[in-house]
Amino acid sequence: MIDTVLQAWVSFCKPLGLNYGFVLDASERASFVHGLWVTLELCAWTMPVSLLFGVLIAAGLSNGPAWVRGPLRGFVELTRNTPTLVQLYCAFLVLNMLITQHLGTANPLTPFIWVVLVVGLHKAVFHAEALRAGIEAVPPVMLESARSLAFTRGQTLLRVQLPLAVRFALPALVNNLVDLVKMTAIASAIAVGDVTYESIMIWSHRDNVLELLLLILIYFGLLTWLVSVLGRWLEQRLRMPGYGQ
Amino acid sequence: MAMRRFFNMGAAAALLAAACAAHADATLDKIHERGKVAVGVLVNGGVFGSIDPATQQLVGWNPELARALAQGLGVQVDLVPVQTATRVQFLISGKVDLLVASMELNPERAEILGYAPTPFYRVGGAAAIRKDSGIHKWEDLRGKPVCVSQGSSFADPLTKQYGAQVKGYKSSSDSLLALRGGQCVAAVHDSTLIYPLLKSNPEWSGYEAPIADTILPAISVVWTRKGEKDTIAAVDKIVRGWHRSGWLIDTEKRLGIEPALPLLQELKQQAEKEGWAPVTAKAASQPPAAGK
């Protein structure tokens, strides 16, 4: 059944000048589908990692003691101002090589984990800045009321500042997550088998670049659209009547 | 309805094909008109193509051949560095007119591109492997991670024939770094890259190329867009001339490429027997015309 559909699709595209013959080759089709899956996995890992670290960094930057704030600010500036691809190369080709030289084959860090770490931390910095904007937008009177109710600093942050800050920062956060989805494509640079990597491996053999690029565009378009739909739903759901709108 | 649409599409495709056919040889005209030919060259380090740190010029086998091609065509040369994964797009999209990019002949490529049939080299894949690895033949790579560069034609036989887990990196240098980082047991690249690297570079003293035969040996040709008959004929005449005059053998010797390739001697003999017209390019000691 699937074979007939694919066959029909291939012969439909052929006169348009698009050669999708690779889907009829079982091993190439399998590796492409695997690539689609790995990209999903990357998104599923990098999103929570980036959000978690984003909240931690934002909390540290706005409420932490000076010895936390200083290094964090440095980390934010360094991460924000260097290209992700360069960070990935530094982490994987240099740092990872040094670790391997010390630990030998016991090095537990796979290329996949490096991508999650580098992309996750990179985006976490942007989340943190978005959240900081949100935290700073919380009216001082609210914090005063929280203090007068004997909230500790941590309680104020968790129960007053962050819930409001998230609402203020949500559009920016969703924007970051959309960017994060696209950013996972750099995994292809270090041979993590995401959809971009598998496509490159197929087109370098078949030279059907346009055909595969169209598929990649559609796929990433679909993923980012899902993220923005989710974002809009959250905005609706978290909306506080009479506040902001 | 669907039928009619299908026919319209067919007609459009036929028109397009006809239009392409009418302009099939426009490239050669364009080259002469501009007085310049854009040649894509692969520059991935070593004697086949690298950047001279002193002059910032592209040097080595690929750039020399590209310059000599331009000389043969009687025009200036514009050397465009290309990468393995995207070189075909540079050619198809018209960014370059010819490719001298370590791109070997295979049926899939021959279907979508044109090429001058006389080869100028033959290359196979060799594996750089850590000395204590215990790997002696291609079959020993089964189930093991092997680094290649994205776009490498060795990926296919390594996976299908020898069952290796192929990992493709952006460039050959990334792949070699990954080998040293322990990401794979072997890095497989053109023998012309691996042999000189292991021989000359002390950083690679812990590695060797223990597998005697190369994988997927294939001839290197000059690539053009599909159906450009005049361009192909002009280029092929120049390449044949190099064989007849022995210029390729001299260049191989001058650049220190070893072991010498027997194919070049064979083609020289064939050229003499069949009386190809000799072509010799001027020595590359002069500053090249318009490279960058």
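Up top is the structure these notes are about.
Each chain has its residues counted from 1, following the order in which its sequence is written. To read the labels, note that chains go from A and ligands from 1, taken in the order they are written. In view of the model being predicted, local features appear only for residues whose pLDDT reaches at least 70, and side-chain atom pairs are presented and counted only at 80 or more, with totals across whole chains, interfaces and linings using the full set of residues. To get the side-chain values, all heavy atoms of the structure are used, and hydrogens and water are removed first.

**Digging into the overall build of chain A**
Secondary structure elements follow DSSP: runs of H or I of four or more residues count as helices, runs of E of two or more count as strands, with numbering from the N terminus. Of regular secondary structure, chain A possesses nine helices and zero strands. Mapped in sequence order, the helices and strands of chain A form the string α-α-α-α-α-α-α-α-α. Atoms counted for the radius of gyration: C-alpha only. Globule rule: 2.2 Å times residue count to the power 0.38. The C-alpha atoms of chain A give a radius of gyration of 22 Å, which is well past the 18 Å a tight globule of 245 residues would have. Note on exposure labels: buried denotes an accessible area under 20% of the residue type's maximum, exposed denotes more than 50%, and partly exposed covers the range between, all computed with a 1.4 Å probe on protein chains only. In chain A, which comprises 245 residues, the proportion classed as buried is 46%.

**A word on the overall build of chain B**
In terms of regular secondary structure, chain B is built from 11 helices and 13 strands. Going through the 292 residues of chain B one by one, you find that 47% of them count as buried. Counting only contacts in chain B whose residues sit at least 6 apart along the sequence, the fraction spanning at least 24 positions is 71%. Of the roughly 13,700 Å² of accessible surface on chain B, a fraction of 56% belongs to carbon and sulfur atoms. Between two residues, a contact is recorded if the distance between any of their heavy atoms is within 4.5 Å. Here the Shrake-Rupley method, with its probe set to 1.4 Å, supplies the accessible areas, and only the displayed protein chains count as covering residues.

**Points about empty space enclosed by the protein**
Residues and elements named next belong to chain B. Think of a 1 Å grid over the protein atoms and nothing else: a 1.4 Å probe that fits but is trapped marks a cavity, an open set flanked by protein within 12 Å on at least five of seven lines marks a pocket, and residues with an atom within 4 Å of a point count as lining. Grid points are joined across faces, edges and corners, and a volume is the space filled by probe spheres set on the points. Inspection of every chain in the model, using the stated rule, returns three cavities of 30 Å³ or more. Roughly 60 Å³ of internal volume is contained in the largest cavity. For the largest cavity, the full set of lining residues is Asn44, Gly45, Phe48, Ser102, Asp190, Thr192 and Leu193. Each residue gets one of three labels, nonpolar for Ala, Val, Leu, Ile, Met, Phe, Trp, Tyr, Cys and Pro, charged for Asp, Glu, Lys and Arg, and polar for the others, Gly among them. Residue composition of the lining of the largest cavity, grouped by class: two nonpolar, four polar and one charged. Approximately 40 Å³ is the volume found for the second largest cavity. What lines the second largest cavity is simply Phe48, Trp61, Asn62, Ser102, Glu104, Phe120, Tyr121, Val123, Thr192 and Ser220. For the lining of the second largest cavity, the elements supplying multiple residues, two or more each, are helix H3 (61-73) and strand E7 (121-130). Of the residues belonging to the lining of the second largest cavity, the class tally is five nonpolar, four polar and one charged.

**What about the interface of chain A and chain B?**
Residue-level contacts link 24 residues of chain A with 27 residues of chain B. Accessible area that two parts lose when put together, with a 1.4 Å probe and added across both, is what the buried area reports. The contact between chain A and chain B buries some 2,100 Å² in all, and 59% of this surface belongs to carbon and sulfur atoms. It is Leu93, His205 and Asp207 of chain A that lose the most area in chain A upon contact with chain B, and together they represent 24% of the buried surface on that side. Here a salt bridge means any side-chain nitrogen of Lys or Arg lying within 4 Å of a carboxyl oxygen belonging to Asp or Glu. Run the count over chain A and chain B and you get zero salt bridges. Definition of a polar contact: a pair of N or O atoms within 3.5 Å, with one able to donate and the other able to accept a hydrogen when the atoms are protein atoms, and with sequence-neighbouring residues admitted only if both atoms are side-chain atoms. Across the chain A-chain B interface, the total number found is four residue pairs in polar contact (both at pLDDT 80 or more). Its residues assigned to classes, the side of chain A that touches chain B shows 15 nonpolar, six polar and three charged.

**Observations regarding the layout of surface pockets**
Considered as a void within the structure, the second largest pocket measures approximately 750 Å³ in volume. Lining the second largest pocket are 30 residues, with Ser31, Tyr197, Glu198 and Met201 of chain A together with Val166 of chain B positioned closest to its centre. Contributions of two or more residues to the lining of the second largest pocket are made by helix H2 (26-63), helix H5 (111-136) and helix H8 (195-206) of chain A together with helix H6 (155-160) and strand E9 (165-169) of chain B. With six residues, the single largest contributor to the lining of the second largest pocket is H8 of chain A. A breakdown of the residues in the lining of the second largest pocket according to their chemical character gives 11 nonpolar, 13 polar and six charged.

**As for a nonpolar patch on the surface**
Patch membership is restricted to residues that have no salt bridge and whose relative accessible area is over 30%. Joining uses 9 Å for like charges and 5 Å for the nonpolar side chains Val, Leu, Ile, Met, Phe, Trp and Tyr. Where nonpolar side chains cluster on the molecular surface, the patch consists of Leu222, Trp225, Leu226 and Val229 of chain A and spans about 390 Å² of accessible area. For leucine 226 of chain A, the position within the fold is in helix H9 (residues 209-238).

**A word on H3 of chain B**
Residues and elements named next belong to chain B. Helix span is expected to be 1.5 Å times the residue number reduced by one. For H3, which comprises 13 residues, the first-to-last C-alpha distance of 18 Å matches the rise-based estimate of 18 Å (1.5 Å per residue) to within 8%. Counting buried positions along H3 yields 11 of 13 residues, so the element is predominantly enclosed. Among the residues making up H3, those that are buried are Trp61, Asn62, Pro63, Glu64, Leu65, Ala66, Arg67, Ala68, Leu69, Ala70 and Leu73. Glycine 74 sits one or two residues past H3 and shows a positive phi near 75 degrees.

**So, the packing of H2 of chain A against helix H7 (residues 153-183) of chain A**
Residue and element names in this part refer to chain A. Orientation is described by axes fitted as lines to C-alpha atoms, over the contacting stretch for helices, and by angles from 0 to 180 degrees between their N-to-C directions. It is at 10 Å that the axes of H2 and H7 come closest, and there the two elements cross at 135 degrees. Taken together, the axes of H2 and H7 are oblique relative to one another. When you trace H2 past H7, the crossing you get is right-handed. Counted together, Cys43, Thr46, Met47, Ser50, Val55, Ala59 and Asn63 of H2 and Arg153, Leu157, Gln161, Leu162, Leu177, Leu180 and Val181 of H7 form the full contact between these two elements. Considered class by class, the residues forming the contact of H2 with H7 number nine nonpolar, four polar and one charged. An angle below 35 degrees is treated as roughly parallel, one above 145 as roughly antiparallel, one from 65 to 115 as roughly perpendicular, and anything else as oblique. Crossing chirality is assigned from the near helix's rotation relative to the far helix, an anticlockwise turn below a right angle marking it left-handed and a clockwise turn marking it right-handed.

Interpretation note: all reported values are geometric properties and have no functional meaning in isolation.
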